[in-house]
Amino acid sequence: MGESRLATIWSLAAAVTILTAGCGQGLLGGGQEGGDQGPIALGMLVPQSGSEAAVGPYMRNAAQFAVDEINGKGGVLGRKLELKVADDACDAQTAVAGAGKLVTEGVVVSVGGYCSGATLPTLPVFGKAGIPMIIPAANSQELVDQHLGHVFLINGTGTQQAAAAMAWITKQGATKVALMHDNTSYSKDIAVRTKKLLDEPGGPETAILEAVTPKESDYSANITNVLGAKPDFVYWTGYFQEGGLITRQLRQAGYKDAIMVGDGSVSGKLAEIAGPEAAEGVYATMTQTPETLQGAGNWIEAYTKKFGSPPGPYSNQSYDAVRLAAEALKNAGSTDGTKVIAALEAINGFPMFSGPLKFTADHTLSAGGFQILVIRSGRFVLQDALK
Amino acid sequence: MSAGARTRGPGTRLGRAVSRLLDSGWAGLTGLAAALLAPFVIATPYALSIMTSAAVFVMLASGLNIVVGFCGLLDLGYVAFFAAGAYTAGVLSTRFGLPLLATVPAVIAVTVVAGVVIGAPTLRLRSDYLAIVTLGFGEIIRITAGNLSVTGGPSGIYGIPGLVDGPVAFYYLTVVVVSLAVAGASRLGRSRLGRAWRFVREDEDAAEAMGVHTYRVKLAAYVAGAVWGGLAGVLFAAQLSAISPGSFTFLRSALVLMAVVLGGMGSTPGVVAGAIVISLLPEVLRDLADYQFFAFGVLLIVVMLVRPQGLWPHRSREAAP
């Protein structure tokens, strides 16, 4: 490598740099783009590809629904809202890149987050940019335990779901409870927290804590294990694919007592997989869904008309996240992150699907709003609101 | 950082011209200069994040290139070493409060041990069998990490401290480390050991007959690849601040292998180019939304059809027909 060649490379490179630095996005370009005019951007990270891609459209459409509704009423702070969606593929690295993309596009509030594992690494990305996050779905305890000022969770947490499960187990008079989870962060969290509650003296006992491997088709080994512990209540905390199979195989193995599933299993698909007979009477712990809400009929109808398909899991939370963001922006009178966070903390009694909202010191819901659903003729209907 | 070797082999005039350009010593330094100057062109958080990811991916690919490209050992579980490095750094820094830099010696030790433990029994196997065992090893590491409490189980480890302050500084650090790693891998490939690797790749029996201790030579390649992967894991942990088993799936092993094959097995500049293409293409196609991975797949097939030998294949005097 000759001296002259090196010099040529560097001078060429320097020339390119000087030419492009004018574009304003480089280190020498200075200054943030975006001003106080134009639409206020809300950012949303949801899975649009990968294993959890199915839930993306439910959340995105519902958020867009809220944005359009608010814009129809004149927007916020005299400006329109705009929703910017990025794919997190339920993968940490994709999520961090997506979060960076949203920050670059100048979003002022993040209203996304479904997979806890993909949401965790995005917290510092938004945090460093001073952007408050209203997380509609991801609810792993790790999100709470970091005590980050800019993170707000509007889905019930694992602790609250475990408490709801415990309340129902006690109410049913069960004595030995088998807990089954699929070893994902979310599922194991609920199972372990429920076990802690069961292990307290008095009341029902834990029969067995069983981990299964997701995406298999035969769970008979796990089920033999579980039934060997002679439970009279089985609580599955994972997702609906395995939940359906486990329900069917439990019934086939002759288990006749109660089965309950967690909120990840609340889908019409569960009954299809399990078969209508096996699924009949299966309980579920679930936050309020559009179907179980009193007086949400108009909302569901309008949503279905707009998008050509009915709302699904986390549609209502995503819709509420956008409305909540708009409310906080309005109260703060500014898009400044610190002021919006203060406004979010000050919110008291904001009407949401999950009930009037007031955040706890941990920035979670003061009440999880979990209730008990039951499958009747292949559909989840309300069994007990646990009020 | 350059292939260095003089062009040989038949081809069209244009092809020869392109090859001459690719094989000249310019490539490496131009690439490095481009990487160092990129933040002056665009330094948004998004751009820095994907450029840093791309650099880490380049390091992974150059490590796997030692194993697959130089030595011809098909490793389908390379991500295991990446995970071992990331988890070692993550556990030591979060549970014992060590600064991330101080975990590097431990990471090297752990990956060397992992390389020997896995390599010693499996490298007696050949071709398909080796591929199957390494595939299994990759899954074992991921599932173990998901079940141990010290690794945080399925939710993994979060709150890993960074190496330096700010994304720009971290990007530059990554580029420097990765450049050294790529240059190091390339030098290794041209050393006496590197020639033994290529010999083993071309014909293991002949190499053995010529006095090359093939088993030891293969183990050296495997361990070197493991250390490269582990160090890339440290950078990965520092960049994301949170790691979980979901980041170390078979898909990532497959993508790294794809970068090596796409770029040109055994060719350092080719592998770097392949890794950059594989890591940046999905981001470039992000706006296609639902068609993103469809387009990604089609483009990869097109590249393989148009340049079956890789984007930037390795040419050596020894290999000329």
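Reading the values: the criteria
- Residues numbered from 1 in each chain as written.
- Chains lettered and ligands numbered in written order.
- Predicted model: local features only at pLDDT ≥ 70, side-chain atom pairs only at ≥ 80, totals over all residues.
- Helix = DSSP H or I, 4+ residues; strand = E, 2+ residues; numbered from the N terminus.
- Buried ≥ 20, exposed ≤ 12 C-beta atoms within 10 Å, placed from the backbone.
- Contact = placed C-beta atoms within 7 Å.
- UniProt positions renumbered as here; feature names shortened; annotations may be inferred.
- Pairing = 2+ DSSP bridges.
- Axes fitted to C-alpha atoms, helices over the stretch in contact; angles between N-to-C directions.
- Domains from an automatic or database assignment.
- Nonpolar A, V, L, I, M, F, W, Y, C, P; charged D, E, K, R; others polar.
- Core = buried A, V, L, I, M, F, W, Y, C linked by C-beta atoms within 7 Å.

Colleague: For this particular structure, what's the right way to read the overall build of chain B?
Modeller: Broken down by element type, chain B carries 13 helices and two strands. Residues counted as buried form 51% of the 321 residues belonging to chain B. For chain B, restricting intrachain contacts to residue pairs at least 6 apart in sequence, the fraction spanning at least 24 positions comes to 78%.

Colleague: It is not clear to me how the UniProt feature "transmembrane region" (unreviewed entry) in chain B should be interpreted in this structure. Could you clarify?
Modeller: Summarizing the sequence annotation, UniProt attributes the feature "transmembrane region" (unreviewed entry) to residues 26-48, 55-84, 96-117, 129-149, 169-188, 219-242, 254-281 and 288-306 of chain B in the numbering used throughout. Taken as a whole, residues 254-281 of chain B contains 86% helix and 0% strand, while its terminal C-alpha atoms sit 16 Å from one another.

Colleague: So what exactly am I meant to see when it comes to the sheet that holds strand 13 (residues 371-376) of chain A here?
Modeller: The pairing of strands in a sheet happens through backbone hydrogen bonds and is either parallel or antiparallel. Residues and elements named next belong to chain A. Strands sit in the order 7-6-8-9-10-13-14 across an open sheet of seven strands; the sheet is mixed. In this open sheet, the two strands that pair with only one neighbour each are strand 7 (205-211) and strand 14 (379-384). When the angles between neighbouring strand axes are averaged without regard to direction, this sheet yields 25°. In this structure, strand 8 (residues 233-236) lies alongside strand 9 (residues 258-261), joined through four bridges in parallel fashion. Residue pairing across strands places Phe-233 opposite Ala-258, the latter belonging to strand 9. Together, strand 6 (176-181), strand 8, strand 9, strand 10 (283-286), strand 13 and strand 14 form the strand contacts of helix 7 (residues 158-171), whose direction differs from that of strand 10 by roughly 145°. Its contacts with the sheet place helix 9 (residues 220-228) against strand 6, strand 7 and strand 8, and it is angled at close to 165° to strand 7.

Colleague: Is there a simple way to explain the domain arrangement of chain A in this structure?
Modeller: Interfaces are often sized by the accessible area lost when the parts come together. Residue and element names in this part refer to chain A. Considered domain by domain, chain A is made up of domain 1 (40-156 + 295-353) and domain 2 (159-286 + 371-384). One C-alpha centre belongs to domain 1, the other to domain 2, and the line joining them spans 30 Å. The partner domain 2 presents eight residues to the six residues of domain 1 that form the contact. Residue composition of the side of domain 1 that touches domain 2, by class: one nonpolar, five polar and no charged.

Colleague: Is there a simple way to think about the nonpolar core in this case?
Modeller: Within soluble globular proteins, side chains that are nonpolar generally end up buried alongside one another. Ranked by internal contacts, the top residues of the largest apolar core, which has 155 residues, are Ala63(A), Ala325(A) and Met59(B). When residues of this core are assigned to their parent elements, the largest contribution, 17 residues, is made by helix 3 (residues 45-70) of chain B. Those residues in contact with Ala325(A) that sit more than four places away from it in its chain are Leu42(A), Val109(A), Val111(A) and Ile134(A). One finds Ile169(A), Ala191(A), Val212(A) and Ile246(A) within the second-largest nonpolar core, a separate group that totals 46 residues.

Colleague: What's the story with the interface of chain B and chain A in this structure? I'm lost.
Modeller: Tallying the contact residues gives 36 residues for chain B and 37 residues for chain A. At the level of elements, helix 2 (26-41), helix 3, helix 6 (127-147) and helix 13 (292-306) of chain B are the ones that each hand at least two residues to the side of chain B that touches chain A.

Colleague: Please explain the environment of Gly211(B) as it appears in this structure.
Modeller: Residues and elements named next belong to chain B. Within the fold, Gly-211 resides in the loop between helix 9 (204-209) and helix 10 (214-240). By C-beta crowding, Gly-211 is classed as exposed, having 7 other C-beta atoms within 10 Å. Separated by 15 residues in the primary sequence, Gly-211 and Ala-196 place their C-alpha atoms 10.0 Å from one another.

Colleague: Is there a simple way to explain the environment of Ala238(B) in this structure?
Modeller: All names here are of chain B. Mapping Ala-238 onto the fold places it in helix 10. Here Ala-238 falls in the buried class, since 24 other C-beta atoms lie within 10 Å of it. Considered as a pair, Ala-238 and Arg-192 are 46 residues apart in the sequence and their alpha carbons are 35 Å apart. When residues no more than four places from it in sequence are discounted, the contact partners of Ala-238 are Leu-100, Ile-160, Gly-162, Leu-163 and Phe-170.

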